[in-house]
Amino acid sequence: MMTLGCALFATRWLQAPLYFGLVAAQGVYVYKFFNELWHLIDHVVSGRADETHVMLAVLKLVDVVMIANLLIMVIVGGYETFVSRIGLQGHRDQPEWLSHVNSNVLKVKLATAIVGISSVHLLQMFVDVHHTPQHDLLWGTVIHMAFIASAAILAYMSGPMASHEHRGQAAPAPQPVVLPRQRDHTPDEAGSAAEARIEAAGFPARKTLEMFDDGLLRSPGPQTLARLGKADFVAGHRNVVLLGAPGTGKTHLAVALGLRACQAGHPVLFATAAEWAARLGEAKAAGRLAKEFARLDEYPVLIVDEVGYAPLDDEAPHLLFQLVSHRYERASLIVTSDRPFGRWEEVFGDAGIASAAVDRLAHHAEVVTLDADSYRTRGLAAAVAGREGTVL
């Protein structure tokens, strides 16, 4: 059954020649565009073109460009969705729509493009209304309204389909390592896209910046936390490194910043360093490490918690270094550790790997050292002090 399934899946490559045929059609439209442009220039220079003629010619050029845009969406988006990934993650010219394209989004965008093309055709009819039969105007308007109605229906249907897709993504997937999932959300929250991203991020608990007690925090100042809370570091592909002793709130802040990133529209994935190492180790053993890194490129923010809390064995230091290196200047990492950079050799077990990882991680990063007493032992210390005062 596995062989049959793989064979059926391989038949998707039969579609590849179809997309190359559409590339040839794109070339035809390029020729048509410049042919129309040449005729327009020739008519204008020779004085044979009035205002109506120029407007109609320009509308024809716009029509050709819009059809070419429709073709490129079908070629690139369709190939990416139904045949194979193109691997444009991190490319400076990657189209915005391609980063979140799927069959549902593609259908809506195509419907919208068709409405735009139909609008141009209808405008051409009205500009040349004296030479357009009334019958053509009537049916052109009816057909255009039908396109608008179909696009509106597709857009309306995309809401429930997107919500269903988010629920599917939030459901436990067959991953080699099962990451912890968000536990404390309400049914009302699951309705929005932001809450769906929060749910899918795998946060161990819901922690916000407003919940963080900075009253006993000696450093950093509140302005630093407020600045990080804007999540501007995500757009700049910068990292955030939170260092400090156990109990100073590093994980709380990492989750809170991840929460803000989700609310700003960025998918986030959370795991401890040990879990990331195990996940990447399983991927490497299965021969799909490159695909795993490519899949993680879909997340602008990855949170690596508790670096140094648990010893890393075997290939784990190398895998974590590859993760840091792969994300360098491409996407953001939020990292927490109880050890300063100078002691990361103890974590990675190799001075060279530790130095290379720190170099890439800290180059474009906000490094924040939390200086405070452990919140886990504050109550205990107060209780001990109270008992001693009573005895005295």
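Residues numbered from 1 in each chain as written. Predicted model: local features only at pLDDT ≥ 70, side-chain atom pairs only at ≥ 80, totals over all residues. Heavy atoms only, no water.

Caption draft 1: Geometry of helix α6 (residues 193-200). Within α6, six of the eight residues are buried, which leaves it mostly tucked inside the rest of the structure. For α6, the set of buried residues is Ala194, Glu195, Ala196, Arg197, Ile198 and Glu199. Positive backbone phi, at 80 degrees, marks Gly202, one or two positions downstream of α6. (Buried < 20%, exposed > 50% of the residue type's maximum accessible area, 1.4 Å probe, protein only. Helix = DSSP H or I, 4+ residues; strand = E, 2+ residues; numbered from the N terminus.)

Caption draft 2: View of the environment of Met125. Secondary-structure assignment places Met125 in helix α4 (residues 103-127). Its relative accessible area of 25% is what places Met125 among the partly exposed residues. For the pair Met125 and Thr141, spaced 16 residues apart in sequence, the C-alpha to C-alpha distance is 9.7 Å. If near-sequence neighbours (up to four positions away) are discounted, Met125 is found in contact with Thr132, Asp136, Leu137 and Gly140. (Contact = heavy atoms within 4.5 Å.)

Caption draft 3: Looking closely at the nonpolar core. Membership of the largest hydrophobic core comes to 32 residues, with the highest contact counts inside it found for Trp276, Leu302, Val304, Leu323, Trp344 and Phe348. In this structure, Trp276 is in contact with Leu269, Phe270, Ala271, Leu296, Leu302, Ile303, Val304, Leu320 and Leu323, ignoring residues within four places of it in sequence. One finds Val234, Val268, Ile303 and Leu370 within the second-largest nonpolar core, a separate group that totals 29 residues. (Core = buried A, V, L, I, M, F, W, Y, C linked by side-chain atoms within 4.5 Å.)

Caption draft 4: Spatial organisation of the packing of aromatic side chains. Per the stated rule, a full pass over the model turns up six aromatic pairs. Taking 6.5 Å as the distance between ring centres and 70 degrees as the angle between the ring planes, the aromatic pair formed by Trp13 and Tyr79 counts as edge-to-face. Taken as a pair, Trp13 in the loop between α1 (2-10) and α2 (16-46) and Tyr79 in helix α3 (residues 51-82) lie far apart in primary sequence, 66 residues in all. When its relative accessible area of 38% is taken as the criterion, Trp13 is described as partly exposed. Ring centres 5.9 Å apart and planes at 85 degrees place the aromatic pair Tyr19 and Tyr79 in the edge-to-face group. One end of the pair, Tyr19, is in helix α2; the other, Tyr79, is in helix α3, with 60 residues separating them in the sequence. Judged by its relative accessible area of 10%, Tyr19 falls in the buried class. Aromatic rings pair up to connect Trp13, Tyr19 and Tyr79 into one cluster. Its guanidinium or amino end placed over the ring of Phe9, Arg12 lies 4.0 Å from that ring's centre, counting from NZ or CZ. (Phe/Tyr/Trp six-rings, centres within 6.5 Å; stacked < 30°, edge-to-face > 60°. Lys NZ or Arg CZ within 6 Å of the ring centre and 35° of its normal.)

Caption draft 5: Structural context of the side chain of Arg327. For Arg327, the location among the structural elements is in helix α12 (residues 316-327). For Arg327, the side chain forms a polar contact with the main-chain oxygen of Pro300, separated by 3.3 Å. Beyond its immediate chain neighbours, meaning those up to four positions away, Arg327 contacts Leu296, Asp297, Tyr299, Pro300, Val301, Leu302, Ser332 and Leu333. (Polar contact = N/O pair within 3.5 Å; in protein donor to acceptor, adjacent residues only side chain to side chain.)

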